[in-house]
Amino acid sequence: MESINAKYVSQKVSKTRWRPVSHSHLQQPDIFATGSWDNEDNKISFWSIGSHTNLAVDDGFEGDPLLLCENKHVGDVLDLQFLDQDKIVTASSTGAVTIFRHHQNSQTISVSHHWERAHHYPCDNAPCTGVVCSSPEIVSVGEDGRIIVFRADQEGVIRVIENADSSTIHAVTYLRTNEILTVNSIGQLKMWDFRQQSNSPSQILSLSGDRVPLHCVDKHPNQQHIVTTGGQDGMLCVWDVRQGNTPISLMEAHSAEMWEVRFHPTNPDHLFTCSEDGSLLHWETTSQSEMPSFLQGGRNSSMISRSAMAPAGGNSSLISTWLSGDSSKGRLETTHMLPSQTLSVNSLDVLGQCLVCGTDGEAIFVNRQVPV
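Enquirer: Help me understand the overall build of the chain, please; the structure alone is not making it clear to me.
Expert: On a plain count of helices and strands, the chain comes out with 0 helices and 29 strands. For the chain, the proportion of its 372 residues judged to be buried stands at 56%. Restricting to contacts in the chain with at least 6 residues of sequence separation, those with at least 24 account for 52%. Carbon and sulfur atoms make up 45% of the accessible area of the chain, which totals about 15800 Å².

Enquirer: Please explain the environment of Asp124 as it appears in this structure.
Expert: Secondary-structure assignment places Asp124 in the loop between strand 9 (108-115) and strand 10 (128-134). Residue class for Asp124 comes out partly exposed when judged on its relative accessible area of 48%. Sequence separation between Asp124 and Thr94 is 30 residues; the distance between their C-alpha atoms is 9.2 Å.

Enquirer: For this particular structure, what's the right way to read the nonpolar core?
Expert: Soluble, globular proteins show a tendency: their nonpolar side chains are buried together. Among the nonpolar cores identified, the biggest contains 17 residues, and Leu189, Leu207, Val227 and Trp239 are the most heavily contacted of them. Looking at this core, the elements with two or more residues in it are strand 14 (169-176), strand 15 (179-184), strand 16 (188-193), strand 18 (214-219) and strand 20 (235-240). Ignoring sequence-local partners within four residues, the contact set of Leu189 consists of Leu181, Thr182, Val183, Gln203, Ile204, Leu205, Val227, Thr229 and Trp239.

Enquirer: Please clarify how the packing of aromatic side chains should be interpreted in this entry.
Expert: Counted by the stated rule, this structure contains 4 aromatic pairs. Measuring from ring centre to ring centre gives 5.3 Å for Trp18 and Phe32, while their planes differ by 75 degrees; the resulting arrangement is edge-to-face. A residue pair is termed long-range when its members are at least 10 positions apart, and Trp18 in strand 2 (residues 13-18) and Phe32 in strand 3 (residues 31-36) qualify at 14 residues. Taken as a pair, Trp18 and Phe32 share a single burial class, namely buried. Arranged with centres 6.3 Å apart and planes meeting at 10 degrees, the rings of Phe32 and Trp47 form a pair that is stacked. Of this pair, Phe32 sits in strand 3 while Trp47 sits in strand 4 (residues 42-48), and the two are 15 residues apart along the sequence. Judged by its relative accessible area of 0%, Phe32 is buried. Members of the aromatic cluster, connected to one another through ring pairs, are Trp18, Phe32 and Trp47. The ring of Trp37 is capped by Lys12, whose NZ or CZ atom sits 5.7 Å from the centre of that ring.

Enquirer: Quick question: what am I supposed to make of the pairing of strand 4 here?
Expert: Within strand 4, 6 of the 7 residues are buried, which leaves the element mostly enclosed by the surrounding structure. The sheet contact formed by strand 3 and strand 4 spans 5 bridges and is antiparallel. Bridge pairing in strand 4 places Gly35 opposite Ile44. Relative to strand 5 (residues 66-73), strand 4 runs antiparallel, the two sharing 7 bridges. Of the residues in strand 5, the one forming a bridge with Ile44 is Asn71.

Enquirer: In this structure, what is going on with the environment of Pro201? I would like to understand it.
Expert: Inspection of the secondary structure assignment puts Pro201 in the loop between strand 16 and strand 17 (203-206). Look at Pro201 and you get partly exposed, because its relative accessible area is 25%. Measuring from C-alpha to C-alpha, the distance between Pro201 and Met191 comes to 5.5 Å, with 10 residues separating the pair along the chain. Setting aside residues no more than four positions away along its own chain, Pro201 makes contact with Lys190, Met191 and Trp192.

Enquirer: Just checking my understanding: could you explain the pairing of strand 13 (residues 157-161) for this structure?
Expert: Every other side chain in a regular strand lies on the same face of the sheet, so the side chains alternate between the two faces. Pairing of strand 12 (residues 147-151) with strand 13 involves 4 bridges; the strand directions are antiparallel. When the sheet's bridge partners are listed, Ile147 is paired in strand 13 with Ile161. The antiparallel hairpin formed by strand 12 and strand 13 contains 5 residues in its connecting segment.

Enquirer: Please clarify how the sheet that holds strand 14 should be interpreted in this entry.
Expert: Strand pairs in the sheet, formed through backbone hydrogen bonds, run parallel or antiparallel to each other. The 4 strands are arranged 14-15-16-17 in an open sheet whose pairing can be described as antiparallel. At either end of the open sheet lies a strand with only one pairing partner, and these are strand 14 and strand 17. Each strand axis lies, on average, 20 degrees off the axis of its neighbour in the sheet, ignoring direction. As paired strands, strand 14 and strand 15 are joined by 6 bridges and run antiparallel to one another. Considered in strand 15, the bridge of Ala171 is made with Val183.

Scoring rules and cut-offs
- Residues numbered from 1 in each chain as written.
- Predicted model: local features only at pLDDT ≥ 70, side-chain atom pairs only at ≥ 80, totals over all residues.
- Heavy atoms only, no water.
- Helix = DSSP H or I, 4+ residues; strand = E, 2+ residues; numbered from the N terminus.
- Buried < 20%, exposed > 50% of the residue type's maximum accessible area, 1.4 Å probe, protein only.
- Contact = heavy atoms within 4.5 Å.
- Areas by Shrake-Rupley, 256 points an atom, 1.4 Å probe, with all protein chains shown as cover.
- Core = buried A, V, L, I, M, F, W, Y, C linked by side-chain atoms within 4.5 Å.
- Phe/Tyr/Trp six-rings, centres within 6.5 Å; stacked < 30°, edge-to-face > 60°.
- Lys NZ or Arg CZ within 6 Å of the ring centre and 35° of its normal.
- Pairing = 2+ DSSP bridges.
- Axes fitted to C-alpha atoms, helices over the stretch in contact; angles between N-to-C directions.

This is a description of form; function is not addressed.
This is the structure:
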């Protein structure tokens, strides 16, 4: 907790994202972007956590995020994804998809591409709820049930799947180069293969029982068949898209809606979730003998989560390393990463040893010593 910096920004923060870093050297991230929502004037903003103590003496905190530049954003920022080092894509509540360019020399922001009302109803705008990027391609999803494919270097739209869903699509991620996953408001996870001309999903998985809306999805960075989702009931679901159409495991995570779930991109034994209940959780799969000291009591109280559903094969004990391995030795530890909060933690992102999250309490929290 001592390593967390809080920055109050006078706006509700809906999304936070680290700028990608070069894989060629072990570089820690130093710039992140935020988007706001439910404010009179919404913005996207770029922040630095680099060495700028001479510029930030008034704040009194070394390592405090420093605002580099910001730009007005029409509508709520419902999603935010970096396309490359300089460009970021936003999903707007107005239905628009926009590419902004960050000019690092002048610390200004300009609009590079703008697709007005990409998502819409016959007589009104439909919020664009999610975007995912694999440069130069961008995929957006919306409340209108559409999936749209763009290219950053073209003005037009590459492909539209008009009636991809009869309900709201809440989030999207790439599974493989030509495949995406979407989650919707009736508890379904759908796979789409862009190599097929068909406008139907290649696979549908769903929560059994009540159709609990799913809000977020992420895939394991090394094993693409492992997928995690979170939804309205605060449960963390682990899926294996190769087998069965229901989750392998359900875990009690939060007491209210889960807004984002993120595997650590290079150390996927670590996972992070945030929620309407004001909490940010760090999950780690570990064997008892390997449990790191930071999880053995102390200030961060740790608890063992249990599997609420038997995995494939009938073994009802907790699954080690998410799906496989010797589950009898496996443990899943969860650690609260924020001081006690009351307002929603809407978004998180993790890269290297750095984590950033944004809240309805008009605060950004940055942790530069995430133990992964």
